[in-house]
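Examining the three-dimensional arrangement
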Amino acid sequence: MSVENQFKPKIVAFCCNWCSYAGADLAGSSRLTYPADVKIIRVPCSCRVNPMFILRAFEKGADGVIICGCHPGDCHYSTGNYYARRRMTLLFSMLDYIGIENGRTRVEWVSAAEGVKFSQTMNEFVDKIRSLGENVRLGDLRCKK
Amino acid sequence: MSSEKNCAQQIKEISGADPLKCMKCGKCSASCPSFNEMDIKPHQFVSYVANGDIEALVNSKSLYKCLSCFACLERCPRDVKPAKLIDAARQLVVRQRGKDYLTADEIPELLDEGLPQQLLVSAFRRYRR
Amino acid sequence: MQRVGVFVCHCGSNIAATVDVKRVVEAISNEPGVVHAEDYQYMCSEAGQALIAKAIKEKALTGIVVCSCSPRMHEATFRKAAERAGLNPYMVEIANIREHCSWIHKDIVEATEKAVILARAAIAKVNLNTPLKPGESRVTKRALVIGGGIAGIQTALDIADAGYEVDIVEKTPSIGGRMSQLDKTFPTLDCSACILTPKMVEAAAHEKINIYTYSEVDKVSGFVGDFTVDIRKKARSVDMDKCTGCGVCQEKCPSKKAPSEFNRGLGTRSAIYTPFAQAIPNVPVIDRENCIKFKTGKCGICAKVCQAGAIDYEQKDEIITEKYGAIVVATGFDTIKLDNYDEYAYSQSKDVITSLELERVMNAAGTTKGHLERLSDGKAPKDIVFIQCVGSRCADDRGKSYCSKICCMYTAKHAMLIRDKYPDVNVTVFYIDVRTPGKNFDEFYRRAVEQYGVNYIKGQVGKVIPQPDGSLLVQGVDLLDNKQILKQADMVVLATAIEPDPDVRKIATMLTASIDTNNFLTEAHAKLRPVESPTAGIFLSGVCQGPKDIPETVAQAGAAAVKAIGLLAKDKLLTNPCTAKADELLCNGCSACANVCPYGAISYEVKEVNDHGIREQRRVAVVNSALCQGCGACTVTCPSGAMDLQGFSNLQIISEVDAICQ
């Protein structure tokens, strides 16, 4: 497959300001590569991620959404990542039910020191989304250009 | 035998041990009841695998002097599992045809009345196929 | 509509090498709201900031997007620049096109495309930004130090000398900590007590320092500058005001079988006791578990012999509530339990001891009055073996993964002291590596080898086997000679790993201070903010942050004090304005948000609201912006969508999602 024709997924990554966003910075300053398909949105905590944002992303044509937070026990706000974990477990099972495969959504704990883990996670996730192909399930046709 | 690098990889895979974790404290050799019988000592064994020097290992006496008592494995602070590395090297040898350390005919001569039967069986299992 | 200015930084070649900066400027100049776009070599430089200021004034910009490095790097810089030019600092957004783009992608087309999308997302967000104003909170000019060892004492002294009130909370009956248990200190071999006790006295006598011994922190609430702490003063059963410290009660106490904590359980003490002779305060404590009066109701000898009438069997725990501006954690360490190290026969033989126990054996005030003797039979040992790295540098769960740092040096110290005092005793040290980074440290270790003839053997001990004659057989290895060694010894000393005091976990939870997998408290930045916790207002002093020796502890204690003083010197603190806010019209007063708030920042008020002309009394959520830290947990929990987070509002994040998925 030539580079031009390769499927370029749209991937939204929500990163906690205190850990994974800094982990992504570390991946950058360590020059660890991952595909440009991943775009990061900074949130103060993984618990700030409203399920609405994820639904919106899929509606707008995202092919995958990943949420990165602090490791359990390390949340800057002490309990935020636990809320995120519970909310996302529920949301992802519902998404799976309506046809957004579980592989398109992921929660990962990445600390500020884990640049390697961040880039590995993103590489894996992009590979997974590429294997799943384009998300057609929830896309709002009116949003397509 | 395939290349030495390959063998080192096989030993690591069979044993599930990582010789790079070794911090060279020597607790394995300090714990080893067969230390004096061995030509390549347990701690050296680990570094031979790390350095890929497999030829020396498969020809060493140590393979058959290790009692598999696992004292080194239990006490190793780095979780390197020297006994498993030795066991894996032994398997590499045993898996090749005609490389049996002992043949069945040689056994009766070596038998010791005081030897538990179980040990004999396990020795058979270990040294020949 | 905002009037947005976009500034794209080259960062030398850091960005410009993989992102076509001109192309980014061109691509975003027609985005909604954008009235100005330019690029520059170094946006963060003086000249770059001047460009921003100029554009703000000339183009009457109401919002700024800087496409540059991570906001964690220069967000504050650009916010300040905007503020100087008269723009609200919270109208600045950063598009991270360096760490998240130019540095990780090699293909210039791909990277430029991504940079444009990231810039678009930031523009979409800034279009929805609103000016925010930080609130103010007051600073209580008082500090709390948790732990009364050398770290806590030094921190308290330094803060108090700057003129602020300090309270020390110490859980044992006396301040002094581990250092008070040590005999001599490396590398100078000066006596530990001789340098520590004057500090203890100074702290006790300082008019700004208040010491709560035999006390624990029970509850912490509040935030930087304004913590409220409950301190539990455990019942001492002795009136501190009446007691004269004469010591008669301890002498006459008939229950003398309790293991002495101070002597690491090697000796015994009475049920009413002060841990050691130089204890501060010099007021005993009744250990109710071992006291005959408390166990059977019959005894009361201490009360009878006390001339001052200070014994009070009815005393109860007392809770003291106090406000603090800063809290310093100085909880120190303990040695690990050796239950998992059967091979060293620690639990089988009295003559296998830890190094900290050896300190008590060698100390003139210790169990053996300073005579080196075997604890099993009191005989003088002839051969002593030291084993290094017991439980340190372990990959398995028996020990600790880290190097305990102090063991190499104290072992050299012990070996040297023994050889000095008892030249006929043979001393052997089994080591893995001898680590002596520190001023005069390696010279010290070499002296032990060259001058005092300590036998250092490179290799570890596999097993210590107690012999029927009471001696110990040490089976080790000499890796340099490639020989297994069987050595007869009378005494074996284990350089046991140290670990943070087990109580630190509880304290860290109360303080919401983060802690690592080894229970060491985490720094705000491993290199640049090593004495601060990521939780504002919490500072770290001593081994609670990581293994260190006495001079390092004292240095860190001073550093923590300076950071605390820097905070206490402020009258007011600016608070993060990115806090949650409830829309009164949408709120139905369900309390869901208050339940998830980790700071107790949400309360409810009954308010009159005007809902489209209908005036009615409603129960609505109110956020205390001084307490809110802006995590956003409440915003997602709110079933009616009334709760939103300023600076990261639902609409702002959705607009970013839209821009990325366009």
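The structure displayed is predicted, hence computed values, not measured ones.

Moving on, we come to the nonpolar core. With 123 residues, the main nonpolar core has Val12 of chain A together with Val6, Val65, Cys67 and Ala119 of chain C as its most contacted residues. Top element by residues in this core is helix H5 (residues 108–126) of chain C. It accounts for 11 residues. If we skip the residues at most four places from it in the chain, valine 12 of chain A touches Lys39, Ile41, Ala57, Ala62 and Val65 of chain A together with Val657, Ile660 and Cys661 of chain C.

The highest contact count of any of the two pairs of chains in contact belongs to chains A and C. Across the gap from chain A to chain B, with no contact made, the nearest C-alpha atoms are 20 Å apart.

Residue and element names in this part refer to chain C. The sheet built from five strands is open, its strands ordered S20-S27-S21-S22-S23 with parallel pairing. With one partner strand each, in any of the chains shown, strand S20 (352–354) and strand S23 (455–458) form the two edges of the open sheet. Across the sheet, the mean angle separating the axes of adjacent strands is 25 degrees when strand polarity is ignored. Two elements, S20 and strand S27 (residues 491–496), share three bridges in a ladder whose sense is parallel. Each bridged residue has a counterpart across the sheet, and for isoleucine 353 the counterpart in S27 is valine 493.

With that settled, the discussion passes to the domain arrangement of chain C. When cut into domains, chain C gives domain 1 (4–126), domain 2 (142–232 + 320–330 + 501–568), domain 3 (248–305), domain 4 (334–499) and domain 5 (580–646). Distance from the C-alpha centre of domain 1 of chain C to the C-alpha centre of domain 3 of chain C: 70 Å.

Attention now moves to the interface of chain C and chain A. On the side of chain A, 36 residues touch chain C, which itself brings 36 residues to the contact. Those elements that place two or more of their residues in the side of chain C that touches chain A are helix H4 (98–102), H5, helix H17 (633–637) and helix H18 (650–661) of chain C. Counting residues per element, the side of chain C that touches chain A draws most heavily on H18 of chain C, at eight residues. The class makeup of the residues in the side of chain C that touches chain A is 19 nonpolar, 10 polar and seven charged.

Conventions we followed
Residues numbered from 1 in each chain as written. Chains lettered and ligands numbered in written order. Predicted model: local features only at pLDDT ≥ 70, side-chain atom pairs only at ≥ 80, totals over all residues. Core = buried A, V, L, I, M, F, W, Y, C linked by C-beta atoms within 7 Å. Buried ≥ 20, exposed ≤ 12 C-beta atoms within 10 Å, placed from the backbone. Helix = DSSP H or I, 4+ residues; strand = E, 2+ residues; numbered from the N terminus. Contact = placed C-beta atoms within 7 Å. Pairing = 2+ DSSP bridges. Axes fitted to C-alpha atoms, helices over the stretch in contact; angles between N-to-C directions. Domains from an automatic or database assignment. Nonpolar A, V, L, I, M, F, W, Y, C, P; charged D, E, K, R; others polar.

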